[in-house]
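Chain residues, written in single-letter form:
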Amino acid sequence: MLPVAARLRRSEDFRVVLRRGSRAGRRRLVVHALTTDPSAAAPDAARAGFVVSKAVGNSVVRHRVTRQLRHLVSARLGTLPPGSSLVVRALPPAASASSAELGADLDAALRRLGLTSSRRTAGEGAPRQPRQQDAAPDHGSAV
């Protein structure tokens, strides 16, 4: 569950993020983001809101998708710049997607918007090992 301070609740807040913010679309969702000036006096914590329309599915499906997205965003809110606002809009393919697929789309959208680094974020497992590009290719057979 997102804390009250981390939620977009008023329709005006949603409207501002959707109209003034930047957008990154993926197969299962679209993320709209608006960041405030970091030099502004006391920027608020990052906030998020969700839009899951009837095109996604019936009430049960929409609420399941919303819960999945809320859980994924709450794990990533601490990595977002202070004062940023997100609106995550679910697309119809989100209805049949797993949490891992939604998480991958969310991470890709956040990276494209420049809100997170290209490194793996929370919940994605251990970091990758660097590739050895200087090693000679092995053309022999291992027996």
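Throughout what follows, the structure given in this document is the object of discussion. (Residues numbered from 1 in each chain as written. Predicted model: local features only at pLDDT ≥ 70, side-chain atom pairs only at ≥ 80, totals over all residues. Heavy atoms only, no water.)

## Side note on the overall build of the chain
Consideration 1: Helix and strand counts for the chain stand at 3 helices and 4 strands.
Consideration 2: Going residue by residue from the N terminus, the α and β elements of the chain occur as α-β-β-β-α-β-α.
Consideration 3: Taken over 143 residues, the chain has a buried fraction of 37%.
Consideration 4: Only carbon and sulfur atoms are counted for the fraction: they give 51% of the accessible area of the chain, which is about 9200 Å². (Helix = DSSP H or I, 4+ residues; strand = E, 2+ residues; numbered from the N terminus. Buried < 20%, exposed > 50% of the residue type's maximum accessible area, 1.4 Å probe, protein only. Areas by Shrake-Rupley, 256 points an atom, 1.4 Å probe, with all protein chains shown as cover.)

## Examining the sheet that holds strand β4 (residues 85-90)
Consideration 1: Here we have 4 strands laid out as an open sheet, ordered β1-β2-β4-β3, and mixed in their pairing. Each end of this open sheet is capped by a strand with a single partner; those strands are β1 (22-25) and β3 (47-51). Ignoring which end each strand starts from, the neighbouring axes of this sheet average 20° apart.
Consideration 2: On top of the sheet, helix α1 (residues 11-20) reaches β1, β2 (29-34), β3 and β4; it is set at about 95° to β2, its chief contact. (Pairing = 2+ DSSP bridges. Axes fitted to C-alpha atoms, helices over the stretch in contact; angles between N-to-C directions. Contact = heavy atoms within 4.5 Å.)

## Focus: the pattern of salt bridges
Consideration 1: For the structure shown, the criterion picks out 6 salt bridges.
Consideration 2: Note that Arg-76 and Asp-107 form a salt bridge whose closest N and O atoms lie 2.5 Å from each other. Residue Arg-76 is located in helix α2 (residues 59-76), and its partner Asp-107 is located in helix α3 (residues 99-112); the two are separated by 31 residues in the primary sequence.
Consideration 3: Classification of Arg-76 by relative accessible area gives buried; the value is 7%.
Consideration 4: Residue Asp-107 is classed as buried on the basis of its relative accessible area of 3%.
Consideration 5: Counted as one network, the salt bridges with shared partners bring together Arg-10, Asp-13 and Arg-47. (Salt bridge = Lys/Arg side-chain N within 4 Å of Asp/Glu carboxyl O.)

## Describing α1
Since the α-helix turns once every 3.6 residues, residues separated by three or four places project in the same direction.
Consideration 1: Those residues of α1 that fall on the buried side of the exposure criterion are Asp-13, Phe-14 and Val-17. Projected down its long axis, α1 shows its buried positions confined to an angular sector of 100°, all on one face. In α1, the exposed residues that point more than 90 degrees away from the buried face are Ser-11, Arg-19 and Arg-20.
Consideration 2: Where α1 is buried, its residues meet β2, β3 and β4. (Arc of directions from axis to C-beta.)

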